[in-house]
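Commentary on secondary and tertiary structure
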Amino acid sequence: MIQSLADGILVGAILSLGAIGLTMVMHILRFANFSHAELLSIGAYSALVFDALFSGILPILANKIGPFSMTWALTLSMFCAMGVTGLSAMLIDRFVFKRIREKGDELSMVFASFGVAMIIRNVLGLIFGLKSQLYSNDIVFAVMISSDPMLLIKPDQVFVLLAALLIMLVLHFVLSRTTFGYALRAVAENPSLAEVSGIRLSRVIALVWIIGGCLAAAAGVFYGLNNHINPVIGRDLVLPIFAATIVGGIGSVYGAVLGGFIVGIAANMALLVLPSGYSPAVPFMIILALLLVRPHGLFGEPQT
Amino acid sequence: MMGLISYLVFFITIASILAIAVLGLNLQWGNTGLFNGGVVAFFGAGAYGTLLLGGDPQSDHIGGFDLFYPLALLGGAVAAGVLAWVVGRLTLHLRHDYFAIATFGVAVTFENVMRNAEGLSGGAKGLRGFTRPLEAFVNNGFTYNVLFLLVVTSLLVCTYLFLERLIRSPYGRLLRAIREDEIAACSLGKKPDRIRLTAFITGSCIVGLAGGLYATFYAFVSPQDVLPTLTFQLWAMLIVGGAGNNRGAIFGTFLIWGAWSASGWGLSRFAPVEVQLYTGTMQFILIGLVIVGMLLWRPQGLFPERLVVSQSGCKSK
Amino acid sequence: MTIKRIAHKGTITAGALLCMSAFATSASAADCSIKVGAVLPTSVDWGRPIAEVAQYAVDLANEAGGVSGCDVDLILRDSQVDPKVGVDGAKALVDLDGVQLLLGAVSSGVSMPILTSVAVPSGVMMMSCCSSSTGFTALAQEGKSKGLFFRTFATSGVQAAVGAMVARDKGYNSVAILYKNDDWGQDISKLIAADLESLGITVTTSVALNDAQPSYRAEVTQALKGKPEALYLALYPTEGSAAVREWISLGGTQNMILANSLKSDEFRDNVGLQYLGNATGTDTASPRSESASAFVDLYKAKFGSEPNGPGLSNSFDATLIALLAMHAAGKDASGSEIAAQVANVTDPNGTAVSADAAGFAKATEILSGGGTVMYQGATGNVRFDSFGDVSAPAVTWTFTEAGTKEASYITLEEVDEFMASVN
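Just so it is clear, the structure is predicted and the values come from calculations on it, not from any experiment. Throughout, residues of each chain are indexed from 1 in the direction in which the sequence is written. A letter from A marks each chain and a number from 1 marks each ligand, given out in the order of writing. Reporting of local features is limited, given that this is a predicted model, to residues whose pLDDT is at least 70; pairs of side-chain atoms are given and counted only at 80 or more, and all residues count toward the totals for whole chains, interfaces and linings. No hydrogens and no water enter the side-chain calculation; it runs on all heavy atoms of the structure.

Attention now moves to the overall build of chain B. Summing up its helical and strand segments, chain B has 12 helices and zero strands in all. Put simply, DSSP marks the helices as runs of H or I at least four residues long and the strands as runs of E at least two long, and each gets a number from the N terminus on. When the helices and strands of chain B are read in sequence order from the N terminus, they spell out α-α-α-α-α-α-α-α-α-α-α-α. Computed over the C-alpha atoms, the radius of gyration of chain B is 20 Å, within 12% of the 20 Å expected from 2.2 N^0.38 for a compact globule of 317 residues. Each principal axis of the C-alpha distribution contributes one length, and for chain B these read about 60 × 50 × 35 Å. Expressed as a percentage of the 317 residues in chain B, the buried residues total 62%. Residues are treated as being in contact if the distance between any of their heavy atoms lies within 4.5 Å. Taking contacts inside chain B between residues at least 6 apart in sequence as the whole, the part at least 24 apart equals 78%. For the radius of gyration, the atom set is restricted to C-alpha positions; the globular benchmark scales as 2.2 Å times the number of residues to the power 0.38. Each residue gets one of three labels from its accessible area relative to the maximum for its type: buried under 20%, exposed over 50%, partly exposed in between, using a 1.4 Å probe on protein chains only.

Rendered as structure tokens:
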């Protein structure tokens with residue numbers, strides 16, 4: 001019980017990072033981006049490449065940080081991967097979504113995102129192969145916090161949780177204290193009015209993609225650290241991330257954070273009552289149940 | 001030559017079955033504006049319903065009632081309709097993107113239940129033990145396929161004519177009115193919720209009919225047939241063909257399914273032996289590029305929706 | 001981006017080189033060619049190696065003179081694990097390319113509709129490496145497969161029985177089961193649970209792992225609860241390594257019994273050999289003859305690692321048996337004629353032939369002279385019953401630095417005896 005709760009929180013942190021980017025894009029651009037989770041894959045794989053590169057140049061970087069399986073090289077790589085992913089997200093928007101936005105409707109965007117997801121996933125598979133890979137082959141043993149009730153926690157998970165919370169905190173300050181944050185909110189409220197007031201819409205949109213990409217890359221690396229990396233992690237994660245976004249309410253960054261935790265916890269707790277064969281359906285049960293009570297998610301507002 | 005004809009008969013059969021499903025989806029999205037992200041659940045309900053009702057008796061799960069085939073097929077469509085009624089009552093009031101995800105969840109749940117509930121659906125190994133109607137009397141596989149094709153295409157034509165009549169009727173006008181401006185429709189005393197629900201159920205029954213035909217043709221259905229891939233494929237067909245246009249929906253189906261098959265065939269034929277192992281992956285990239293390219297080039301689809309004048313007297317619209 | 005591009009170019013060039021060398025080896029045989037179709041999921045992680053092995057077996061056969069003096073041309077279609085796509089591919093192979101022999105598919109959910117809607121109506125023989133559903137046996141018993149369907153995948157009964165024997169011999173008192181939630185996993189989990197129960201071993205939990213889940217933490221936590229002495233794993237390498245890494249890091253027992261799908265380098269490398277010391281695998285086996293290791297040696301020479309991964313040896317056998325049957329049936333034989341010859345290729349009283357180029361050449365010679373052979377394949381002394389199912393002796397194995405090594409050999413009689421005793 002407590003174990004499931006703890007696991008849920010730790011898994012939820014990764015989902016939250018993914019959901020923040022998704023909710024921002026869905027809010028500003030008003031479309032359900034099914035390719036968002038592929039940004040996690042791009043992040044995870046570019047970190048893998050940088051990691052190999054850095055560890056090769058400076059072997060000392062390959063040492064582990066404290067009890068974690070995170071190395072200095074991987075930490076550096078994560079920042080590089082955030083850059084690469086943010087940039088790719090922006091470029092994908094520039095070459096695909098922006099053009100479709102100009103002539104098509106919202107559903108065209110949704111479909112284009114399906115197509116983009118398919119392309120990214122398979123190109124990654126072609127380059128890196130279809131097998132799972134790991135940042136570190138070592139298994140870090142979980143630490144027993146208490147034996148009755150049983151509670152085991154892996155150091156990596158704590159690290160990921162703290163890092164995720166730190167990233168969220170930084171984002172919070174960016175959104176609430178900077179001009180960009182205000183601009184973002186203005187655009188979300190009313191794009192035309194914001195443009196009239198001198199906000200450059202294209203710049204805000206580009207920044208939203210970059211932020212979404214950065215957070216996704218971090219989520220991808222954290223996921224890879226705790227689990228494994230393969231070309232289909234985007235496919236595996238897209239649904240829980242969507243669930244987190246919707247539970248939180250589209251457009252609400254804090255909702256997305258909370259949504260991630262709720263979905264993580266619920267998915268872990270569900271197995272206490274359901275046979276494990278039904279686990280893929282759990283995130284949707286949560287969505288359905290929540291939407292019946294609150295048709296716009298926890299913090300979402302009716303949007304036109 | 002004979003081989004080519006035999007293959008074409010087969011190809012047109014599958015494409016026609018899928019086209020029926022896309023027509024059902026078009027009623028929901030193209031005419032009513034319902035973003036059904038879980039089409040595959042209704043397709044699956046039709047498929048499983050038909051096989052359970054029309055199959056041979058089985059020991060390890062319910063069903064196998066060996067019903068007269070048209071009844072079984074009808075039963076499949078009704079099963080899809082019942083599912084649509086339940087889902088619609090729960091989710092139709094949601095905003096469209098929430099509705100899309102909620103129905104998507106329904107589809108995942110449906111697949112999941114079919115995979116796990118062995119007593120109901122045979123579990124992951126699927127549902128077999130179905131004798132295709134009249135197969136015993138037609139000894140030749142090719143002749144049977146031709147006969148089946150005739151049945152499927154006539155059902156496709158019937159569905160098409162039915163939907164064309166429907167969207168030209170006052171009811172069809174109402175659907176579009178609700179899609180375009182719900183509040184205006186309300187002000188005229190119409191009940192959007194009710195009408196949306198009937199459109200959702202009707203569309204789902206049509207999708208279920210396609211599912212029933214599909215399962216009949218393969219004499220088999222398993223959870224692998226009801227994965228989200230199918231939802232994606234059906235939607236791609238509708239978008240490329242042109243949402244809101246029934247001819248476009250049919251054309252889009254043939255085009256996308258044709259491209260899907262042809263790219264696999266072409267790669268297996270022309271790619272060198274060792275590269276063949278990567279053809280599956282490359283095929284997915286190609287399909288992705290086609291979809292993105294299409295949306296960039298012509299987002300309204302090949303056959304955009306035509307504004308239909310419902311009565312000859314209303315020419316001054 | 002640059003790094004990715006370089007890596008990308010690298011694959012293409014390597015692919016081109018490989019394909020040139022493939023042409024070079026096969027160009028030596030005859031000037032006619034026979035088409036054979038294969039429908040395999042080349043776009044999924046565990047599917048691609050299965051297809052590679054099938055292609056390799058065809059290359060071997062061509063090296064050994066081909067089938068009926070002709071080069072075999074394997075046309076590979078990707079099933080994408082989508083029944084529609086697989087059936088369409090199979091139909092195109094049969095109608096457009098005129099193949100009389102189909103290899104595949106892997107998933108039962110794809111093989112079944114291919115069999116019922118393409119192979120049987122068109123009278124084409126189908127040889128699957130890996131479809132495990134009991135539905136095929138039932139279909140054959142009802143006479144609906146017209147003797148056209150074969151598979152080299154030993155029924156899950158043997159795997160489960162040997163797994164239970166390992167648990168008994170190791171003296172485990174309680175076992176938790178983790179299984180893949182597909183037809184094979186559902187089947188084997190039920191079988192082994194029954195076998196274990198009848199041996200008086202407690203099954204603490206039986207947990208299904210679904211495909212494509214981001215994390216198996218919850219499932220593993222579930223399995224940990226009963227504090228079992230050992231863990232039985234009927235999983236594929238991807239979810240297998242994810243689940244076992246969680247299991248070990250949460251302090252679960254390292255006493256593991258593995259189904260043959262986990263006989264994989266990916267699994268060993270990702271989990272780490274140091275944690276697999278007490279892991280015992282089960283597999284169907286080659287008979288005790290000097291040619292037994294032929295496949296392993298060949299595979300090592302070609303791919304640089306042991307043939308470890310789900311379905312590899314099955315795929316190899318499926319291809320070679322089908323090709324030999326095709327040879328025995330003669331040029332331009334129909335699917336049912338080829339199917340009728342399968343018994344002559346796997347005749348227990350026939351001349352033993354090994355699973356390599358020399359064995360293939362020898363077999364073709366004997367078969368051309370009207371004799372019968374006993375093909376001794378990578379999965380064992382393959383023999384089909386009247387429903388196209390195969391039974392085989394078994395081995396247990398453990399992981400080593402280089403791959404795996406055999407721990408013990410269990411004859412077909414011992415397996416049968418055990419299975420009779422627990423039922």
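Here the narrative resumes, following the displayed structure.
Counting residues in each nonpolar core, the largest one holds 229 residues, and the members touching the most others are W235 of chain B together with L102 and I114 of chain C. The term nonpolar core refers to a set of buried residues drawn from Ala, Val, Leu, Ile, Met, Phe, Trp, Tyr and Cys, joined through side-chain atoms within 4.5 Å. Among the nonpolar cores identified, the runner-up in size contains 94 residues, and V58, L60, L312 and F316 of chain C belong to it.

With 23 residues, helix 5 (residues 155-177) of chain A extends 33 Å from end C-alpha to end C-alpha; this agrees with the ideal 33 Å at 1.5 Å per step. Among all positions of helix 5 of chain A, only P155, D156, Q157, V160, L161, A163, A164, I167, M168, L171, L175 and S176 of chain A are buried. In this scheme, a helix's expected span is set at 1.5 Å multiplied by one less than its residue total.

Here we take up the sheet that holds strand 1 (residues 33-40) of chain C. Residues and elements named next belong to chain C. DSSP bridges decide pairing: two strands pair if at least two such bridges lie between them. The strand order 2-1-3-4-5 describes an open sheet built from five strands, whose pairing is parallel. Since the sheet does not close on itself, it has two edges, and those belong to strand 2 (71-78) and strand 5 (149-151), each with one partner. Across this sheet, the average inter-strand angle for adjacent strands is 25 degrees, counted without regard to direction. Note: strand 4 (residues 125-128) against strand 5, three bridges, orientation parallel. Bridged to M127 within strand 5 is F150. For helices, the fitted axis covers only the stretch in contact; all axes are lines through C-alpha atoms, and the angles between them, taken along N-to-C directions, range from 0 to 180 degrees. Where helix 13 (residues 335-345) meets the sheet, its contacts fall on strand 4 and strand 5, and the angle it forms with strand 4 comes to roughly 50 degrees.

Further remarks concern empty space enclosed by the protein. A cavity here means a set of 1 Å grid points, computed over protein atoms only, where a 1.4 Å probe fits but cannot escape. A pocket is an open set with protein on both sides within 12 Å along at least 5 of 7 lines, and lining residues have an atom within 4 Å of a point. Grid points are joined across faces, edges and corners, and a volume is the space filled by probe spheres set on the points. With the rule as written, the count across this model stands at 12 cavities of 30 Å³ or more. Of the volumes computed, that of the largest cavity is approximately 180 Å³. Lining the largest cavity are 17 residues, and of these D138, K154, L225 and N226 of chain A together with R245 of chain C sit closest to its centre. The set of elements that each furnish at least two residues to the lining of the largest cavity consists of helix 8 (201-226) of chain A together with helix 9 (237-249) of chain C.

Looking now at the pairing of strand 12 (residues 373-376) of chain C. Across the two faces of strand 12 of chain C the burial is the same, with V373 and Y375 of chain C and M374 and Q376 of chain C all buried. Once you follow strand 11 (residues 351-354) of chain C into helix 14 (residues 357-368) of chain C and on to strand 12 of chain C, the crossover reads as right-handed. The handedness rule is simple: strands pointing away from the viewer, and a clockwise path from the first strand over the helix to the second, make the crossover right-handed.

This brings us to the environment of I5 of chain B. Residue and element names in this part refer to chain B. The topology assignment puts I5 in helix 1 (residues 2-31). Among the residues examined, I5 registers a relative accessible area of 36% and is labelled partly exposed. Measuring from C-alpha to C-alpha, the distance between I5 and F142 comes to 9.5 Å, with 137 residues separating the pair along the chain.

The subject of this paragraph is the interface of chain B and chain C. In this complex, chain B contributes 51 residues to the contact, which on the side of chain C involves 51 residues. Take the accessible area each of two parts loses on contact, using a 1.4 Å probe, and add the two losses: that sum is the buried area. For the pair chain B and chain C, the two sides together bury roughly 4,200 Å², of which 55% comes from carbon and sulfur. In what follows, salt bridge is the name for a side-chain nitrogen of Lys or Arg lying within 4 Å of a carboxyl oxygen of Asp or Glu. Where chain B meets chain C, there are four salt bridges. For D56 of chain B, the salt bridge identified is with K144 of chain C, shortest N-O distance 3.2 Å. Here a polar contact is recorded for every N or O atom pair within 3.5 Å, except that within protein the pair must consist of a potential hydrogen donor and a potential acceptor, and residues adjacent in sequence are included only if both atoms are side-chain atoms. Linking chain B with chain C are 21 residue pairs in polar contact (both at pLDDT 80 or more). When contributions to the side of chain B that touches chain C are tallied by element, the ones reaching two or more residues are helix 1, helix 4 (96-116), helix 6 (141-168), helix 9 (192-218), helix 10 (228-241), helix 11 (246-270) and helix 12 (279-297) of chain B. Residues were grouped as follows: Ala, Val, Leu, Ile, Met, Phe, Trp, Tyr, Cys and Pro as nonpolar; Asp, Glu, Lys and Arg as charged; and all remaining residues, including Gly, as polar. The residue inventory of the side of chain B that touches chain C, partitioned by class, reads 21 nonpolar, 21 polar and nine charged.

Glancing now at the state of the cysteines. Note on terminology: pairs of cysteine sulfur atoms within 2.5 Å are recorded as disulfides. If you walk through the whole model with that rule in mind, you get two disulfides over all chains. A sulfur-sulfur distance of 2.2 Å marks the disulfide that ties C129 of chain C to C130 of chain C. Here C129 of chain C and C130 of chain C share a disulfide; its torsion about the S-S bond, -100 degrees, makes the bridge left-handed. Judged on exposure class, the residue C129 of chain C and its partner C130 of chain C are both buried. Each disulfide in chain C links cysteines that, numbered along the sequence, combine into the pattern 1-2, 3-4. C80 of chain A takes part in no disulfide bond, and the closest cysteine sulfur to it belongs to C214 of chain A, at a distance of 12 Å. On the basis of relative accessibility, which here comes to 25%, the residue C80 of chain A falls in the partly exposed class.

Here the focus is the interface of chain A and chain C. With 40 residues of chain A in contact, the opposing surface of chain C contributes 37 residues. Both sides together, the interface formed by chain A and chain C hides about 3,400 Å², and carbon and sulfur atoms give 57% of it. When residues of chain A are sorted by the area they lose upon contact with chain C, I127, L130 and I139 of chain A head the list and together hold 18% of the total. Summed over the shared surface of chain A and chain C, the result is two salt bridges. Measuring nitrogen to oxygen at the nearest pair gives 3.5 Å for the salt bridge that ties E246 of chain C to K154 of chain A. At the junction of chain A with chain C, the criterion picks out 17 residue pairs in polar contact (both at pLDDT 80 or more). Breaking the side of chain A that touches chain C down by element, the ones donating at least two residues are helix 1 (2-29), helix 2 (36-57), helix 4 (106-128), helix 8, helix 9 (233-248) and helix 10 (253-270) of chain A. With four residues, the top contributor of residues to the side of chain A that touches chain C is helix 9 of chain A. When grouped by side-chain class, the residues that make up the side of chain A that touches chain C number 21 nonpolar, 13 polar and six charged.

This part takes up the sheet that holds strand 6 (residues 174-180) of chain C. Residues and elements named next belong to chain C. The strand order across the open sheet built from seven strands is 7-6-8-9-10-15-16, with neighbouring strands paired in mixed fashion. The strands lining the two open edges of the sheet, one partner per strand, are strand 7 (202-209) and strand 16 (404-410). Here the average twist between neighbouring strands, direction ignored, is 25 degrees. Sheet topology places strand 6 next to strand 8 (residues 230-234); five bridges connect them, and they run parallel. Bridge pairing in strand 8 places I177 opposite Y232.

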